[in-house]
Amino acid sequence: IRTASPSIALSPVLDKDPGYDAQRDVVAIARLASIENVMVVHPSVPVKTLRQFIELARKQPGKLNYGSGGAGTTNHLANELLKSLENLNIVHVPYKGATVATVALMGGEVDQVVVSVASILPQIRAGKLRPIVVLSEKRVPTLPDVPTSAEAGLKEFRMSIWFGLLGPAKMPQDIIARLNQESLKALASADLQQRFAGAGVDPWPGTPEQMDQLIRSETAR
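On a predicted model such as this, the values are computed, not experimentally measured, just so you know.

Undergrad: Help me out: how do you make sense of the pattern of salt bridges in this one?
TA: If charged atoms from side chains of opposite charge come close, those side chains can pair. Applying the stated criterion across every chain, the model contains 10 salt bridges. Measuring nitrogen to oxygen at the nearest pair gives 3.5 Å for the salt bridge that ties E86 to R51. On the criterion of sequence distance, the pair formed by E86 in helix α3 (residues 74–86) and R51 in helix α2 (residues 50–59) is long-range, its members being 35 residues apart. Residue E86 is classed as buried on the basis of its relative accessible area, which comes to 14%.

This is the structure we're talking about:
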């Protein structure tokens, strides 16, 4: 049994030989949780909305750049999704981790980063970085004034970090059902919800079928 993250869906389309087949070698047990991302810009970038950022990028092709935690990470693919949706030319600057990319953003080395809300919240509240949009279906409670991508006019621009539970492909159905039941029970506990809240994690309980569909849909997307 292992915890799965977006890499389970991304590796098959990014790596020639990821070493596994997510559709054949594993079985979904439960969907567990998610962490929402936010697009933030350096204060020197003269935009306050997603549409303004898009228009600036369109007027200055190849001039704006964004940092990421490396090729294939969600903060990389989020911006590549934006570029694809809006036909933009924004330069990718990969770093050795999202934290390093965030430090680079604060230092003005890059213009923009998509990063988890929890990790960047102190810098936002201190006014060191400007939030533009959250890449989630609903507004984030800790950033109530920041619109979602749908509210900003680009509903397809979504990218969350999610987690689930997987088992070996031949795991018996009764064991899958029991593990799912216990996982959902744990997610409903006040203690775990309190720990999640402190870490910026949102409980996202789901069935084996919902977890399997999540992997399939994210691979296709």
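Undergrad: Could you clarify how one ought to interpret the nonpolar core in this entry?
TA: The nonpolar side chains of soluble globular proteins are, as a tendency, buried together. Core analysis: the largest hydrophobic core is formed by 23 residues, its most contacted members being M39, L50, F53, L82, L135 and F157. Looking at which element gives the most residues to this core, the answer is α2, with five residues. Within the second largest apolar cluster, 18 residues are counted, among which are A101, V110, V117 and V134.

Undergrad: Can you walk me through the packing of aromatic side chains in this structure?
TA: Two aromatic rings, taken as a pair, are described by how far apart their centres are and by the angle between their planes. The tally for this structure, following the rule as stated, stands at zero aromatic pairs. The aromatic ring of W204 is capped on one face by R31, whose charged end is 3.9 Å from the ring centroid.

Undergrad: I would appreciate a short explanation of the environment of A118 in the present structure.
TA: You can see A118 is positioned in helix α5 (residues 117–125). The class for A118 is partly exposed, based on a relative accessible area of 35%. For the pair A118 and V38, spaced 80 residues apart in the sequence, the C-alpha separation amounts to 9.4 Å. In this structure A118 touches A199 and G200, once residues within four positions along its chain are discounted.

Undergrad: I'm lost on the sheet that holds strand β3 (residues 37–41) in this one. Help?
TA: Backbone-to-backbone hydrogen bonds pair the strands of a sheet. The strands run either parallel or antiparallel. The strand order β5-β4-β6-β3-β7 describes an open sheet built from five strands, whose pairing is mixed. Strand pairing shows two members of the sheet lacking a second neighbour, β5 (91–94) and β7 (130–134), which therefore form its edges. On average, each strand axis in the sheet is tilted by 30° relative to the strand beside it, whichever way the strands run. Along the sheet, α2 contacts β3, β6 (112–116) and β7; its crossing angle with β3, the most-contacted strand, is approximately 55°. Together, β3, β4 (65–68) and β6 form the strand contacts of helix α4 (residues 98–106), whose direction differs from that of β6 by roughly 140°.

About the criteria used
- Residues numbered from 1 in each chain as written.
- Predicted model: local features only at pLDDT ≥ 70, side-chain atom pairs only at ≥ 80, totals over all residues.
- Heavy atoms only, no water.
- Salt bridge = Lys/Arg side-chain N within 4 Å of Asp/Glu carboxyl O.
- Helix = DSSP H or I, 4+ residues; strand = E, 2+ residues; numbered from the N terminus.
- Buried < 20%, exposed > 50% of the residue type's maximum accessible area, 1.4 Å probe, protein only.
- Core = buried A, V, L, I, M, F, W, Y, C linked by side-chain atoms within 4.5 Å.
- Phe/Tyr/Trp six-rings, centres within 6.5 Å; stacked < 30°, edge-to-face > 60°.
- Lys NZ or Arg CZ within 6 Å of the ring centre and 35° of its normal.
- Contact = heavy atoms within 4.5 Å.
- Pairing = 2+ DSSP bridges.
- Axes fitted to C-alpha atoms, helices over the stretch in contact; angles between N-to-C directions.

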